[in-house]
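Structural characterization, general
Each chain, letter by letter, is given below.
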Amino acid sequence: MSRPSKSEYYIGIARAVSERSTCLRRKFGAVIVKNEQIISTGYNGAPRKTLNCIDLGYCARKQLRIPAGQNYELCRAVHAEMNAVIHASRLEMTGADLYLTGFDIETGKPIPEPEPCMLCRRVIINAGIARVILPRESEGFNYIDVDEWIIQERVVPA
């Protein structure tokens, strides 16, 4: 029996966290880790004290046939990355890693090459998180240096 790598271990925890998701389209789980200690976790779901899509029995974005990655303002859910950031202090998150994974509800399969949306990227930057780790569609992981996103944010489109 082989021991999982740290990335496999924390992505496995993010998968378990995603099972708490209340979204009818996709389940995402995020884990923030610093110095080999879990600081926070988050999954996608409606804000506290509001109705979740699973409680309502429908997804407004799905009913409107909105493609993935568009019109997030019409979604009831707070993203997993945001929920993980909300539940930790910036002091704890500065220099931390965020592990993220997601699953498609209809197929039950992992979302190939998941990545935070632009809004979540900005939240991650503001939180002081240093690196985002994502499972690859094949084997292994993508390790994203958040400083690359900061550089991209500085570029002004023509």
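Coordinates for the structure precede this section.
Cut-off values and rules
Residues numbered from 1 in each chain as written. Predicted model: local features only at pLDDT ≥ 70, side-chain atom pairs only at ≥ 80, totals over all residues. Heavy atoms only, no water. Pairing = 2+ DSSP bridges. Helix = DSSP H or I, 4+ residues; strand = E, 2+ residues; numbered from the N terminus. Axes fitted to C-alpha atoms, helices over the stretch in contact; angles between N-to-C directions. Core = buried A, V, L, I, M, F, W, Y, C linked by side-chain atoms within 4.5 Å. Buried < 20%, exposed > 50% of the residue type's maximum accessible area, 1.4 Å probe, protein only. Phe/Tyr/Trp six-rings, centres within 6.5 Å; stacked < 30°, edge-to-face > 60°.

**Some points on the sheet that holds strand E4 (residues 131-135)**
Pairing within the open sheet is mixed, and its five strands lie in the order E2-E1-E3-E4-E5. Looking at strand neighbours, the two that pair on one side only are strand E2 (37-43) and strand E5 (141-145), the edges of this open sheet. Adjacent strand axes in the sheet meet at a mean angle of 20 degrees, parallel and antiparallel pairs treated alike. Pairing between strand E1 (residues 26-34) and strand E3 (residues 97-104): eight bridges, direction antiparallel. Bridging from a neighbouring strand, Arg26 pairs with Asp104 of E3.

**Side note on the nonpolar core**
As a rule of thumb, soluble globular proteins bury nonpolar side chains together. Ranked by size, the top nonpolar core spans 21 residues in total, and within it Ile32, Met93, Leu98, Leu100, Ile124, Ile129 and Val132 carry the most contacts. Judged by nonpolar contacts, the second largest core, of nine residues, contains Ala14, Val17, Ile133 and Phe141.

**Topic: the packing of aromatic side chains**
For the structure on display, the rule yields three aromatic pairs. A centroid spacing of 4.9 Å and a plane angle of 65 degrees characterise the contact between Tyr9 and Tyr10, whose relative ring orientation is edge-to-face. Tyr9 gets classed as partly exposed once you look at its relative accessible area, which sits at 45%. Note on Tyr10 and Tyr99: the rings are 5.1 Å apart at their centroids and 40 degrees apart in plane angle, and the pair reads as tilted. One end of the pair, Tyr10, is in helix H1 (residues 6-18); the other, Tyr99, is in strand E3, and 89 residues separate them in sequence. Judged by relative accessible area, which is 5%, Tyr10 ranks as buried.

Any functional reading would require information that these geometric values do not contain.
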